[in-house]
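# Summary of the model geometry
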Amino acid sequence: MKIALIGDFNEQVPAHQAILKALELAGCPDTGYQWIHTQDADLNTLASFSAFWCVPASPYADIDNVLTAIGYARTHDLPFLGTCGGYQHAVLEFARHALGYPQADNAEVNPDTSMPLVASLTCKLYDERHFIRLASGSLAQQIYGCDRIEEEYHCGFGVNPDYLSIFDGRELSFSGFDEDGDPRVLEIKSHCFFIGTAFQPERSAFSGKSHPLICRFVESAKKVSSGL
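In this report, the structure presented in the accompanying data block is examined. The structure presented is a predicted model; accordingly, all values stated were derived computationally and were not measured.

Before going further, it helps to spend a moment on the environment of Ser120. Residue position: Ser120 is located in strand β6 (residues 115-134). For Ser120, a relative accessible area of 43% corresponds to the partly exposed category. Separated by 14 residues in the primary sequence, Ser120 and Asn106 place their C-alpha atoms 9.1 Å from one another. Residue contacts for Ser120: discarding those within four places in its chain leaves Gly156 and Phe157. A distance of 2.4 Å separates the side chain of Ser120 from the side chain of Lys124, its partner in a polar contact.

Before going further, it helps to spend a moment on the packing of helix α3 (residues 63-75) against helix α4 (residues 85-97). Remark: α3 packs on α4, axes separated minimally by 9 Å, with the N-to-C direction vectors making an angle of 75°. Taken together, the axes of α3 and α4 are roughly perpendicular relative to one another. Here Ile63, Val66, Leu67, Ile70, Gly71 and Arg74 of α3 lie close against α4, whose contacting residues are Gly86, His89, Ala90, Leu92, Glu93, Phe94, Arg96 and His97. Of the residues belonging to the contact of α3 with α4, the class tally is 7 nonpolar, 4 polar and 3 charged.

Once that is clear, we can look at the pairing of strand β4 (residues 80-83). In the case of a regular strand, side chains alternate between the two sheet surfaces. Side chains Phe80 and Gly82 of β4 all project onto a buried face; the interleaved residues Leu81 and Thr83 project onto the opposite face, where all are buried too. Across 3 bridges, the pairing between strand β3 (residues 51-54) and β4 is parallel. Within β4, the position partnered with Trp53 by the bridge is Leu81. Crossover handedness for the path β3 to α3 to β4: right-handed. In the sheet, β4 pairs with strand β10 (residues 194-197) via 4 bridges, with the strands oriented parallel. Note on β10: the bridge partner recorded for Phe80 is Phe194.

The α-helix advances 3.6 residues per turn, and as a result positions three or four apart in sequence lie on the same side. Taking 1.5 Å as the rise per residue, helix α6 (residues 212-226) with 15 residues should run 21 Å; its terminal C-alpha atoms sit 21 Å apart, in good agreement. Buried within α6 are the following residues: Leu213, Ile214, Phe217, Val218, Ser220 and Ala221. Viewed end-on, α6 has its buried residues packed into an arc of 160°, placing them on one side of the element. Residues of α6 that are buried make contact with β1 (3-6), α1 (14-25), β3, β4, α5 (139-144) and β10. Gly227, located one to two residues past α6, shows a positive phi value of around 80°.

Let's shift gears to the packing of aromatic side chains. Inspection of the entire model under this criterion finds 9 aromatic pairs. Measuring from ring centre to ring centre gives 6.1 Å for Tyr153 and Phe199, while their planes differ by 85°; the resulting arrangement is edge-to-face. Placement of the pair is Tyr153 in strand β7 (residues 148-159) and Phe199 in the loop between β10 and α6, with a sequence separation of 46 residues. Consider the rings of Phe193 and Phe217, whose centres lie 5.8 Å apart with planes at 50°: the pair is tilted. One end of the pair, Phe193, is in the loop between β9 (183-188) and β10; the other, Phe217, is in helix α6, and 24 residues separate them in sequence. Neither residue differs from the other here; Phe193 and Phe217 are each classed as buried. Members of the aromatic cluster, joined through ring pairs, are Phe49, Phe52 and Tyr72.

About the cut-offs
Within any chain, residue numbers begin from 1 and follow the written order of that chain's sequence. With pLDDT at 70 or above as the cut-off, local features in this predicted model cover only qualifying residues; side-chain atom pairs require 80 or more to be listed or tallied, and sums for whole chains, interfaces and linings still use all residues. Note: side-chain values were computed over all heavy atoms of the structure, leaving out hydrogens and water. To qualify as a helix, a DSSP run of H or I must reach at least 4 residues; to qualify as a strand, a run of E must reach at least 2; elements of each kind are numbered from the N terminus. Between buried and exposed lies partly exposed: a residue is buried under 20% and exposed over 50% of the maximum accessible area for its type, with that area taken using a 1.4 Å probe on protein chains only. In what follows, residue pairs with any heavy atoms lying within 4.5 Å of each other are defined as contacts. Side-chain atoms alone can form a polar contact between residues adjacent in sequence; in general such a contact is a pair of N or O atoms within 3.5 Å, and within protein one must be able to donate a hydrogen while the other accepts it. Fitting a line to C-alpha atoms yields each axis, with helices limited to the stretch in contact; the angle taken between N-to-C directions then spans 0 to 180 degrees. In this scheme, roughly parallel covers angles under 35 degrees and roughly antiparallel covers those over 145, while 65 to 115 is roughly perpendicular and the rest are oblique. Residues are grouped as follows: Ala, Val, Leu, Ile, Met, Phe, Trp, Tyr, Cys and Pro are nonpolar; Asp, Glu, Lys and Arg are charged; all remaining types, including Gly, are polar. A pair of strands is labelled paired if DSSP reports no fewer than 2 bridges between them. The handedness of a crossover follows from its direction of travel: if, with the strands pointing away from the viewer, the path from the first strand over the helix to the second runs clockwise, the crossover is right-handed. Helices are assigned an expected span. That span is 1.5 Å times one less than the residue count. It is the directions from the helix axis to the C-beta atoms whose arc is reported. Aromatic contacts are taken between Phe, Tyr and Trp rings whose centres are within 6.5 Å, Trp giving its six-membered ring; a plane angle under 30 degrees counts as stacked, one over 60 as edge-to-face, and the others as tilted.

Written as structure tokens, this is what we have:
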């Protein structure tokens, strides 16, 4: 098993500290993953990995490479987990490359974009916990085993609800919404494992707890690696 952690590693970022422990708690050995700086995430590098986790702490040094990595996982049916910034860029990748909206962009990076698919949150979610309702029959609900969860965030940007209609009837769907009706979880149910979360499930590791999403992600990576 070889999981690519796509992101610009910074030991000062709490989520990056948590990810290593979260993988350990999910049964991933320290030889089972590798940090890949976004400037190095080209197709030649990606081909040697069996699963991809696009990690928090954006803006990334190379956004195009991040979108390439996400698209590679999506189109090759390889396990993908995107948390916080990874979730935002999974939405951008699908909108640009699957739905045909090349102008879709992140207002944090391009404040003058004509299509701010990722936009500033009205209320920033810095180190806050909130409830999320999971859609009935969704993969997320199946993994959690319930339809209402509470998770921790650290983000100031999110998916702009004004553009949710472009995903109606599409392969990528939003399966988790907060109490205000804003999207917080996405998935591609037909994929072996493709989930993005606005929250940071890795933070559960600070309490010494394994997280169901991360456990299922690692399990999926193991299956791909073993050819199952």
